[in-house]
Amino acid sequence: MVCRPTPRPPGHVDRLTASDSFSHETVFADLRLAAMKREREPSSKAYRQDRFENTERAAKEAIEAEQRARREKTKRLKELRLSQQGAKDPSTK
């Protein structure tokens, strides 16, 4: 058995479909209006270059900070190890 929709007379609009399409149109219109009102970023080449340089600078600073932290941790561990060895070795006293 094949289920087919009942034919509608010409000009008939289903109430559910009409209300759904109205709400979608309203939502899209609101989104378009909000997009038009939103302040846009400048798209000049100088702006993009500046943003790229800022990103590069931030990345370099983060890498340098990680390296500095790693060196400091290594230094602290080395000092701790030496102090522990000094406490164990009575001949160094």
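Because the structure is predicted, anything quoted here is derived from the model rather than measured. (Residues numbered from 1 in each chain as written. Predicted model: local features only at pLDDT ≥ 70, side-chain atom pairs only at ≥ 80, totals over all residues. Heavy atoms only, no water.)

### Some remarks on the overall build of the protein
Within the protein, the secondary structure is distributed over two helices and zero strands. Total accessible area on the protein stands at roughly 9500 Å², and carbon and sulfur atoms take up 57% of it. (Helix = DSSP H or I, 4+ residues; strand = E, 2+ residues; numbered from the N terminus. Areas by Shrake-Rupley, 256 points an atom, 1.4 Å probe, with all protein chains shown as cover.)

### Points about a nonpolar patch on the surface
Where nonpolar side chains cluster on the molecular surface, the patch consists of Val27, Phe28 and Leu31 and spans about 290 Å² of accessible area. By the element assignment, Leu31 lies in helix α1 (residues 15-37). The class for Leu31 is exposed, based on a relative accessible area of 51%. (Patch = residues over 30% accessible without salt bridge, like charges linked within 9 Å, V, L, I, M, F, W, Y side chains within 5 Å. Salt bridge = Lys/Arg side-chain N within 4 Å of Asp/Glu carboxyl O. Buried < 20%, exposed > 50% of the residue type's maximum accessible area, 1.4 Å probe, protein only.)

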